[in-house]
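# Summary of the model geometry
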Amino acid sequence: MASVFKIALVGNPNTGKSTLFNLLTGLNQKIGNFPGITVDKKVGYCKLSNQQQAEIIDLPGTYSLYPKSRDESIVFQVLADKSNSSHPDLVILVADTTNLRRNLLLYSQVADLGLPVMLVLNMTDMAKKEGLTVNIDLLAKRLGIQVVAISARSNIGLEELKQAIVNSTSIPTQLQGADVHVLAPEAIDKAKALLATENDYFALQLLHQHQTLDFLSAEQHKTLDGIKAAADFESSKQQGAETIARYRYLSTVLSGVIEDTGAKRKFIFSDKLDAILTNRFWGFIIFIAILFFIFNSIFSWSSYPMELIEGSFAWLTNYGHQHLPDGILTNLFLDGILAGLGGVMIFIPQIAILFAFISVLEDTGYMARVTFMMDKVMRKFGLSGKSVVPMIGSLACAVPSIMSARNIESWKDRIITIMVSPLVSCSARLPVYTLLISLIIPNKHVFGFINLQGLTLMGMYVISILAAVLVAFVMKFLIKAKEKSYFIMELPVYRMPRWKNVIFTMYEKSKTFVFEAGKVIIAISIILWVLATYGPPKRMEQIEKKYAQIEASKDSIQVSTLERDKAAERLENSYAGILGQTIEPVIKPLGFDWKIGIALITSFAAREAFVGTMATIYSVEGGDAQTGTIRAKMLAAKDANTGLQIFTFATGFSLMLFYAFAMQCMSTVAVVFRETKSWKWPLIQIVYMTGMAYVASLIAYQLLK
């Protein structure tokens with residue numbers, strides 16, 4: 001069987017590399033990890049014009065082959081190690097046409113490694129608007145490679161690129177760039193002899209960063225260290241000299257290639273907009289207004305589809321109880337699996353709306369401005385501007401956000417970011433907030449347009465962000481480090497969002513939520529149904545005898561509520577009920593009963609399990625006599641001792657605070673362990689977050705009850 005043709009996409013951040021990857025691969029892609037290191041590996045497959053299939057590898061964005069983070073170090077490892085499973089047959093260097101000189105620095109480094117290279121000039125439509133024209137043929141002649149002009153956002157030039165890939169050769173054709181041999185001739189010659197290579201730049205790169213490469217033997221590492229010491233090889237000075245030599249070379253390459261017609265540049269509009277959106281005062285006001293609009297929309301726009309989904313599941317449950325034969329399997333399916341699944345599916349509209357807004361903010365370039373704007377504020381609390389990216393990303397999910405903290409160079413900043421990111425309310429908390437807010441906050445509008453429930457939802461997100469910042473401030477003094485952090489970021493030009501990409505993101509994230517959360521919910525629902533249906537045999541026999549006597553007595557009052565009372569008592573004496581009552585004394589001061597206690601336990605697998613658990617618990621408790629929606633059941637729930645409503649404002653708010661702060665996500669615990677290589681940090685995280693949750697809920701309930 002012939003091997004698959006492998007193509008690596010390489011480029012600076014914000015050059016449209018990932019957009020091109022999505023265009024080439026469509027839905028035919030997957031995400032894993034590079035062998036031996038926890039860095040995302042995006043791989044997809046593309047059919048070329050000759051029906052040949054190519055494997056496309058999207059490497060992390062980097063400005064040069066000299067890494068400043070774990071993500072960036074992957075680029076050289078993949079390109080340099082021929083035994084690496086991702087080592088490409090062809091490298092496509094994606095460059096921003098509006099900033100070609102800077103982008104070609106990375107190209108010249110990659111080209112000098114001696115791999116077959118193709119240059120793709122992206123954003124050509126934007127360059128044209130800015131009055132820039134590039135002589136493609138002259139550039140291709142001077143570099144000695146194929147150069148293809150495209151616009152990934154506008155889907156222009158894709159077929160030409162595929163044809164160029166088909167016409168590519170396995171033999172490198174690029175002309176020699178800067179002469180790096182003169183930088184350290186003695187050290188390079190010795191390294192070449194050791195590594196059995198004729199490539200000067202490959203030898204130079206290994207002298208610079210061999211310590212981070214695992215494909216070299218211990219003896220080779222030791223010898224390279226000896227070569228550097230003998231030649232007085234200083235890496236930082238050599239890198240500086242190389243950069244100067246490369247820019248000198250690129251000046252000759254680009255001479256006469258780029259023509260500036262003097263057209264009005266788009267940057268003028270971008271700069272004027274930045275003066276407002278990144279303003280110390282107005283920037284924050286606008287950001288808060290945008291957040292308010294998002295959360296108001298989440299409640300307002302999703303109400304009808306949510307009611308439709310909720311009503312559909314209630315109808316299905318009712319229909320099932322009426323037409324399916326009574327028995328264990330029917331009850332398991334309707335009161336266990338279907339009830340738990342309904343608790344997940346109902347929140348699809350809100351999840352889709354949230355991710356649509358996040359996608360629009362990222363696509364327009366506004367999210368990068370928020371990161372820049374927050375840098376000075378974050379530094380006062382022990383974080384850097386780069387910490388904002390994982391924290392904002394945590395609005396969606398803490399797992400990929402914690403992984404993205406690898407881009408933070410400072411160890412201290414990185415650890416603090418990892419430790420506080422799970423405090424930021426993620427999409428898994430959204431179903432919990434939505435359900436509880438609908439129970440305790442009236443669906444009213446203030447001033448005619450401000451949705452009170454949406455305002456409360458925004459308040460919960462603000463509380464979580466403030467908590468993360470305050471915890472970071474405390475950790476700033478507890479975690480010691482000598483290194484100083486810095487923040488360098490390129491602000492992309494404002495662009496219109498790609499609506500196709502927004503819709504694709506909504507679909508992908510909603511699908512991920514349903515399948516990932518759904519698997520956990522269904523598993524928990526089945527286990528929970530069993531635990532809530534069965535209990536110690538002696539207790540269950542006594543309950544059956546008790547209600548058999550009541551039925552035989554023909555007491556009209558008792559018989560009318562027989563099924564409901566029997567189901568409630570069976571639940572209370574089930575294994576789940578016993579478990580909930582065991583922890584009830586601990587959670588009673590927070591306003592929680594034993595049923596909520598069961599939900600708290602199951603939620604430590606995944607926060608969104610709260611909704612499925614409550615749906616299952618109240619379905620089991622209600623028996624056949626109560627087949628309303630989960631919200632109706634929870635709203636009607638009464639305390640058996642006092643007869644008062646369980647989900648009061650005090651209880652609901654206390655419960656939301658608990659979910660806002662508690663570390664109820666095993667996936668997050670696992671990824672923190674994987675990123676820190678120690679159980680110390682995830683254990684500290686579990687203890688401090690659970691402690692915060694308990695104290696905050698205790699104070700809130702005791703003050704509000």
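Scoring rules and cut-offs
Each chain has its residues counted from 1, following the order in which its sequence is written. Side-chain atom pairs in this predicted model are given and counted only at pLDDT of 80 or more, local residue features only at pLDDT of at least 70, and totals for whole chains, interfaces and linings cover all residues. To obtain the side-chain values, all non-hydrogen atoms of the structure were used and water was disregarded. Elements are defined by DSSP. Helices are runs of H or I of four residues or more, strands are runs of E of two residues or more, and each kind is numbered from the N terminus. Helix span, as expected, comes to 1.5 Å for every residue beyond the first. Residue exposure (1.4 Å probe, protein chains only): buried if accessible area is under 20% of the type maximum, exposed if over 50%, otherwise partly exposed. Under the pairing criterion, centres of Phe, Tyr and Trp rings, with the six-membered ring standing for Trp, must be within 6.5 Å; the plane angle then separates stacked pairs below 30 degrees from edge-to-face pairs above 60, leaving the rest tilted. Charge over a ring is defined by NZ of Lys or CZ of Arg lying within 6 Å of the ring centre and within 35 degrees of the ring normal. Any Lys or Arg side-chain nitrogen located within 4 Å of an Asp or Glu carboxyl oxygen qualifies as a salt bridge. Of the two site types, the cavity is a set of points on a 1 Å grid over the protein atoms alone where a 1.4 Å probe fits but cannot get out, and the pocket is an open set with protein on both sides within 12 Å along at least five of seven lines, each lined by residues with an atom within 4 Å of a point. Grid points are joined across faces, edges and corners, and a volume is the space filled by probe spheres set on the points. Polar here means any residue other than Ala, Val, Leu, Ile, Met, Phe, Trp, Tyr, Cys and Pro, which are nonpolar, and Asp, Glu, Lys and Arg, which are charged; Gly is therefore polar. Strand pairing is assigned whenever DSSP detects at least two bridges linking the two strands. A clockwise course of the path from the first strand over the helix to the second, judged with the strands pointing away from the viewer, identifies a crossover as right-handed. Think of a nonpolar core as a cluster: buried Ala, Val, Leu, Ile, Met, Phe, Trp, Tyr and Cys residues, connected wherever their side-chain atoms sit within 4.5 Å. We call two residues contacting when some pair of their heavy atoms lies within 4.5 Å. Interaxial angles span 0 to 180 degrees and are taken between N-to-C directions of axes, which are lines fitted to C-alpha atoms, for helices over the stretch in contact. For classification, angles of less than 35 degrees are called roughly parallel, those exceeding 145 degrees roughly antiparallel, those between 65 and 115 degrees roughly perpendicular, and all remaining angles oblique.

Let us now look at helix H31 (residues 680-704). The end-to-end C-alpha distance of H31, which contains 25 residues, comes to 36 Å, matching closely the 36 Å that a straight helix rising 1.5 Å per residue would cover. Every buried residue of H31 is accounted for by Trp681, Pro682, Gln685, Tyr688, Met689, Ala693, Ala696, Ser697, Ala700 and Tyr701.

It is worth spelling out unusual backbone geometry at this point. Residue Asn155 is not a glycine yet carries a positive backbone phi of 60°. Tracing the backbone through its elements, the reader meets Asn155 in the loop between strand S8 (147-149) and helix H6 (158-166). Even without being glycine, Asp232 reaches a positive phi, approximately 55°. Within the secondary structure, Asp232 sits in the loop between helix H9 (218-230) and helix H10 (235-254). Judged by its relative accessible area of 58%, Asp232 is exposed.

In this section: the packing of aromatic side chains. Centre-to-centre distance and the angle between the planes together describe a pair of aromatic rings. Applying the stated criterion across every chain, the model contains 12 aromatic pairs. Ring geometry for Phe281 and Trp282: centres 5.0 Å apart, planes at 80°, overall edge-to-face. Relative to Trp679, the ring of Phe673 lies with its centre 4.3 Å away and its plane at 15°, an arrangement referred to as stacked. The ring of Tyr201 is capped by Arg246, whose NZ or CZ atom sits 4.5 Å from the centre of that ring.

Taken as a whole and assessed by the stated rule, the structure comprises 11 salt bridges. A salt bridge links Lys42 to Asp58, with the shortest nitrogen-to-oxygen separation between them at 3.9 Å. Separated by 16 residues along the polypeptide, Lys42 in strand S3 (residues 40-47) and Asp58 in strand S4 (residues 53-58) bring together distant segments of the chain. Overall, Lys42 belongs to the partly exposed group, its relative accessible area being 22%.

Attention now goes to empty space enclosed by the protein. If you walk through the whole model with that rule in mind, you get four cavities of 30 Å³ or more. Along its surface, the second largest cavity is lined by Phe287, Leu291, Ile294, Phe295, Leu354, Phe357, Ile358, Leu361, Met367, Ile392 and Leu395. Elements that contribute at least two residues to the lining of the second largest cavity include exactly helix H12 (282-323) and helix H14 (348-364). Looking at the lining of the second largest cavity residue by residue, the class counts come to 11 nonpolar, no polar and no charged.

Of all six residues making up strand S6 (residues 117-122), six are buried, and the element is well covered by its neighbours. Burial along S6 is two-sided: Val117, Leu119 and Leu121 facing one way and Met118, Val120 and Asn122 facing the other are all buried. Inspection of the sheet shows strand S5 (residues 90-96) paired to S6 by six bridges, in the parallel sense. Bridge pairing in S6 links Val91 to Val117. Each parallel crossover has a hand, and the one from S5 via helix H3 (residues 100-111) to S6 is right-handed.

By size, the foremost hydrophobic cluster in this structure holds 102 residues, and its most contacted members are Val420, Leu457, Phe610, Met614, Met634, Phe647 and Leu655. For this core, the leading source of residues is helix H20 (residues 452-478), giving 10 residues. Excluding residues that lie within four positions of it along the chain, Leu655 makes contacts with Leu436, Phe592, Ile596, Leu600, Phe610 and Phe647. The next biggest cluster of nonpolar side chains, apart from the first, holds 56 residues, and it includes Val110, Leu143, Val180 and Val257.

In contact at an axis separation of 9 Å, helix H8 (residues 200-209) and H9 are set at 95° when each is read in the N-to-C sense. One element, H8, and the other, H9, form an angle in the roughly perpendicular class. Facing H8, whose interface residues are Leu206, Leu207 and His208, H9 presents Leu224, Ile227 and Lys228. Looking at the contact of H8 with H9 residue by residue, the class counts come to four nonpolar, one polar and one charged.

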